[in-house]
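Fold and geometry: a report
So you can see what is in the structure, the chains are spelled out below.
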Amino acid sequence: MVIITSWPKNVARTCVIDFDKTLIAIDSVRYIIWRERLFLRPEIFAWGCLCTCAVAFLPRSWQKPFRRRLKFYVLRYMDTHSSWILARYVPRLAGYLCRDLERCLRAQYARRYIISASWEPLIKECLAQSGLDAGYIIRGTRYQPDFAQFNTWWYDEKLKVMRAEQLADFDLYTDSYDDQPLMRPARHVFLVRRGKIHKQLK
């Protein structure tokens with residue numbers, strides 16, 4: 001693995017960071033799904049099966065309705081039981097935060113945005129309990145009881161957040177090549193693996 005130990009001198013003043021598998025080493029929502037066996041709940045099991053088929057047989061652009069509906073049911077459960085979900089899992093997930101990467105980002109950038117498809121209350125509580133919430137602007141997925149109003153910050157949707165925040169000059173940190181919509185306008189793009197900057201893509 002190639003680890004970048006220094007940044008280009010002309011980095012932007014703002015960075016956009018993914019949460020799952022970037023600032024935190026694991027997929028936080030998936031972690032809770034497996035620990036709580038949420039996949040055994042009928043609506044989550046049914047849409048999980050449909051999502052699996054969609055991923056296997058459909059192009060990514062056609063997968064979104066299935067993935068969105070599955071995320072809706074998962075977050076509905078988590079939001080309904082938010083008190084004990086957060087109390088039980090935030091201390092565990094905080095242990096997976098990539099603190100070395102976070103310290104580097106804090107030293108390098110004046111503004112730090114987390115834009116993620118993960119559950120926003122979970123992101124905020126993980127950072128707050130670790131004492132890392134100061135200076136971060138967090139935009140994650142929020143549960144909406146009205147499915148028509150429910151959206152997740154995947155791919156192109158992340159651009160909507162960036163436009164709303166008027167982010168024009170930024171560096172991007174992500175674990176996935178799927179963030180192409182964000183990579184194009186970014187000044188620099190860094191691929192993160194296991195809490196380390198694995199490769200500079202741009």
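Calculation notes
Per chain, residue numbering runs from 1 following the sequence as it is written. Restriction of local features to residues with pLDDT of at least 70 applies here, the model being predicted, together with a cutoff of 80 or more for giving and counting side-chain atom pairs; totals for whole chains, interfaces and linings are based on all residues. Calculation of side-chain values draws on the structure's entire complement of heavy atoms; hydrogens and water are dropped beforehand. For Phe, Tyr and Trp, where Trp contributes only its six-membered ring, two rings pair if their centres lie within 6.5 Å, and the inter-plane angle classes them as stacked under 30 degrees, edge-to-face over 60, or tilted in between. Elements are defined by DSSP. Helices are runs of H or I of four residues or more, strands are runs of E of two residues or more, and each kind is numbered from the N terminus. Here's how the labels work: a residue is buried when its accessible area is under 20% of the maximum for its type, exposed when over 50%, partly exposed in between, all with a 1.4 Å probe on protein chains only. Counting as a charge over the ring demands two things of the Lys NZ or Arg CZ atom: a distance within 6 Å of the ring centre and an angle within 35 degrees of the ring normal. Two strands make a pair as long as DSSP finds a minimum of two bridges between them.

Counted under the stated rule, the structure contains 11 aromatic pairs. Both rings, one in Phe72 and one in Phe147, keep their centres 5.1 Å apart while their planes meet at 80 degrees; by these two values the pair is edge-to-face. Placement of the pair is Phe72 in helix H3 (residues 60-80) and Phe147 in the loop between strand S3 (136-141) and helix H7 (156-164), with a sequence separation of 75 residues. The same class applies to Phe72 as to Phe147, namely buried. An aromatic cluster of three or more residues is present, and its members are Phe72, Tyr73, Tyr143, Phe147 and Phe150. Cation over ring: Arg68 sits above Phe147, and NZ or CZ is 4.1 Å from the ring centre. The ring of Tyr136 carries the charged tip of Arg112 above its face, separated from the ring centre by 4.8 Å.

Relative to S3, strand S2 (residues 111-119) is paired through five bridges, and the arrangement is parallel. Along S3, the bridge assignment pairs Trp119 with Thr141.

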